[in-house]
Amino acid sequence: MAQDAEQDPQSTVGTEHSTAGAYVTGEEFTRDTTYIEDRVVADVDAATAAPREEGSTIGDPRVAGLTEGARAWPVEPGRYRLVAARACPWAHRSIIVRRLLGLEDVISLATPGPVHDVRSWTFDLTEDGRDPVLGTERLQENYFARFPDYPRGITVPALVDIPSGGVVTNNYPQLTFDLSTQWRAHHRDGAPNLIPEEQIEEMLPVIKRIFTEVNNGVYRCGFAGSQRAYEEAYDRLFTALDWLEDRLADRRYLMGDAITEADVRLFTTLVRFDAVYHGHFKGNRNKLTEMPNLWAYARDLFQTPGFGDTVDFDQIKRHYYVVHEDVNPTQIVPKGPELAGWLTAHGREALGGSPFGSGTAPGPVAPEERPPGANPLFGQG
């Protein structure tokens, strides 16, 4: 890993680039859900002519048009680069969906390192500290290439237009839906249907509850600025996890017999739970390993191609424990938890179903996209 003094997160502690005060900003944590809502679509003219859409914190696979002020970009293989840090759960879901659908040769992948200062994610995993395609050191440069005065956080995932070097969208809730719908002509043979039309009406409320209470719920716990806010967030989180534990008692996946977008969105929180959310974010009523249905379900997904083979536990831990100076000012990264349990038998086959439905599993991860850090699937960590 190339990492000079400027890129070393330790060097920013106590400086103007420190992340102290960037995460715990008040009594209750409130996520900024204002994103660049441009879309990459199969038919630019149709999307532009369609009625204006309302923004959504979870996205919607049925939307035909654009939100106010947004722009439509054309689907074009090779034109866009997905910048998605393996450490980040919101970015991780886009890596999983891209792999499940077989879009690796259509949309290239850039993976920033797990640590950053208050400015932005950096491409410090490459030998020279620059992304080999975009040529930039920080993702911030790609935001500024399009919006010189971009006023918000530099977030991942971000889809970047390679010719201009500018960010097209960072609207991650809609991005993964669009990968399923707008890029369908470029899916691999046997790609699963992650948003079955007959399940959308039931699935979207499930996704909404997972987002508000679980995906974002762990952050409300971790970034709470008062005891009251923390305890309320804690209670909401475990109420939702208990609901999921019950829901998964008699169905293999959240929507039934095959994986859907809902499973992808839940998995990226579950796979981080014992490693960071239980301790670092104080979500410690119990560990994931102590919830029989959720733990078996998480292992089932982890052992399914496209899910566990995208996980890097080293990067996950380094990101949370190093970057969040508000929560962990010593920046000490814990050695645990033990990872071999992710490969133990889960027994979920007894509930029936098949992960890919009528489709097939993706092939092996390309060597250049294999997670470099701890992952028991690869005999690492």
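In this report, we go over the structure that sits alongside the text. (Residues numbered from 1 in each chain as written. Predicted model: local features only at pLDDT ≥ 70, side-chain atom pairs only at ≥ 80, totals over all residues. Heavy atoms only, no water.)

Here we look at the packing of helix H8 (residues 261-277) against helix H9 (residues 292-302)
Definition in use: Lines fitted to C-alpha atoms define the axes, with helix axes restricted to the stretch in contact, and inter-axis angles between N-to-C directions lie between 0 and 180 degrees. By definition, any uninterrupted DSSP run of H or I lasting at least four residues is a helix, any uninterrupted run of E lasting at least two residues is a strand, and each is numbered from the N terminus. Should an angle lie under 35 degrees it is considered roughly parallel, over 145 roughly antiparallel, and from 65 to 115 roughly perpendicular; all remaining angles are considered oblique. Note on definitions: a residue-residue contact is assigned when non-hydrogen atoms from the two residues lie within 4.5 Å. Under the scheme applied, nonpolar residues are Ala, Val, Leu, Ile, Met, Phe, Trp, Tyr, Cys and Pro; charged residues are Asp, Glu, Lys and Arg; polar residues are all the others, including Gly.
Where H8 contacts H9, the axes come no closer than 10 Å and their chain directions differ by 105°. As the angle between them shows, H8 and H9 are arranged roughly perpendicular. Of the residues in H9, those in contact with Asp263, Leu266, Phe267, Leu270 and Val271 of H8 are Leu294, Tyr297, Ala298, Leu301 and Phe302. Here the contact of H8 with H9 is composed, by residue class, of nine nonpolar, no polar and one charged.

As for unusual backbone geometry
Quick note on the threshold: Throughout, exposure labels follow a simple rule: accessible area from a 1.4 Å probe, protein chains only, divided by the maximum for the residue type, with under 20% read as buried, over 50% as exposed, and the rest as partly exposed.
Cis geometry marks the peptide bond from Val156 to Pro157; its omega dihedral reads 0°. Structurally, the position occupied by Pro157 is in the loop between helix H3 (139-146) and strand S5 (158-161). Geometrically, the link from Gly336 to Pro337 is a cis peptide bond, its omega value of 0° lying close to zero. Within the secondary structure, Pro337 is located in the segment after helix H10 (313-323). Notably, Gln331 is not glycine yet its phi reads approximately 60°, a positive angle. Mapped onto the fold, Gln331 is located in the segment after H10. Residue class for Gln331 comes out buried when judged on its relative accessible area of 5%.

Regarding the sheet that holds S5
To keep it simple, the criterion reads: Two strands form a pair only when DSSP identifies at least two bridges running between them.
Within the open sheet, the four strands sit side by side as S4-S3-S5-S6. Their pairing is mixed. This sheet does not close on itself; its edge strands, each paired only once, are strand S4 (108-110) and strand S6 (166-169). Ignoring which end each strand starts from, the neighbouring axes of this sheet average 40° apart. Note that strand S3 (residues 80-83) and S5 share four bridges and pair antiparallel. Its bridge partner lying in S5, Leu82 is registered against Leu159.

Considering empty space enclosed by the protein
Rules: Only protein atoms enter the calculation, which uses a 1 Å grid: trapped sets of points that fit a 1.4 Å probe without letting it out are cavities, open sets showing protein on both sides within 12 Å along at least five of seven lines are pockets, and any residue with an atom within 4 Å of a point is a lining residue. Grid points are joined across faces, edges and corners, and a volume is the space filled by probe spheres set on the points.
Under the defined criterion, the tally for this structure stands at three cavities of 30 Å³ or more. As a volume, the largest cavity reaches approximately 80 Å³. What lines the largest cavity is Asp38, Arg39, Val40, Leu159, Thr169, Asn171, Gln174, Leu175, Asp178, Leu179 and Trp183. Looking at the lining of the largest cavity, the elements with two or more residues in it are strand S1 (39-41) and helix H4 (172-181). The leading source of residues in the lining of the largest cavity is H4, at four residues. Partitioning the lining of the largest cavity into residue classes produces five nonpolar, three polar and three charged. The element best represented in the lining of the second largest cavity is helix H2 (residues 89-101), accounting for three residues. In terms of residue class, the lining of the second largest cavity is made up of four nonpolar, one polar and five charged.

Some thoughts on the packing of aromatic side chains
Cut-off, in case you're wondering: Pairing of aromatic side chains here covers Phe, Tyr and the six-membered ring of Trp, requires ring centres within 6.5 Å, and sorts the geometry by plane angle: under 30 degrees stacked, over 60 edge-to-face, intermediate tilted. By definition, being over a ring means that NZ of Lys or CZ of Arg is both within 6 Å of the ring centre and within 35 degrees of the ring normal.
Applying the stated criterion across every chain, the model contains 26 aromatic pairs. An angle of 90° between the planes, with centres 5.5 Å apart, marks the rings of Tyr277 and Tyr320 as edge-to-face. In this pair, Tyr277 is assigned in helix H8 and Tyr320 in helix H10, connecting sequence segments 43 residues apart. Classification of Tyr320 by relative accessible area gives buried; the value is 0%. Taking NZ or CZ as reference, Arg71 lies 3.7 Å from the ring centre of Trp73, over its face. Over the aromatic face of Phe177 sits the side chain of Arg265, whose NZ or CZ is 4.5 Å from the ring centroid.

Quick notes on the layout of surface pockets
Considered as a void within the structure, the largest pocket measures approximately 800 Å³ in volume. At the level of elements, H2 and H10 are the ones that each hand at least two residues to the lining of the largest pocket. Tallied by class, the residues present in the lining of the largest pocket amount to 16 nonpolar, eleven polar and five charged. Taken as a whole, the second largest pocket encloses approximately 270 Å³ of empty space. Lining the second largest pocket are 14 residues, and of these Leu109, Ala110, Thr111, Thr126 and Glu368 lie nearest its centre. Looking at the lining of the second largest pocket residue by residue, the class counts come to six nonpolar, two polar and six charged.

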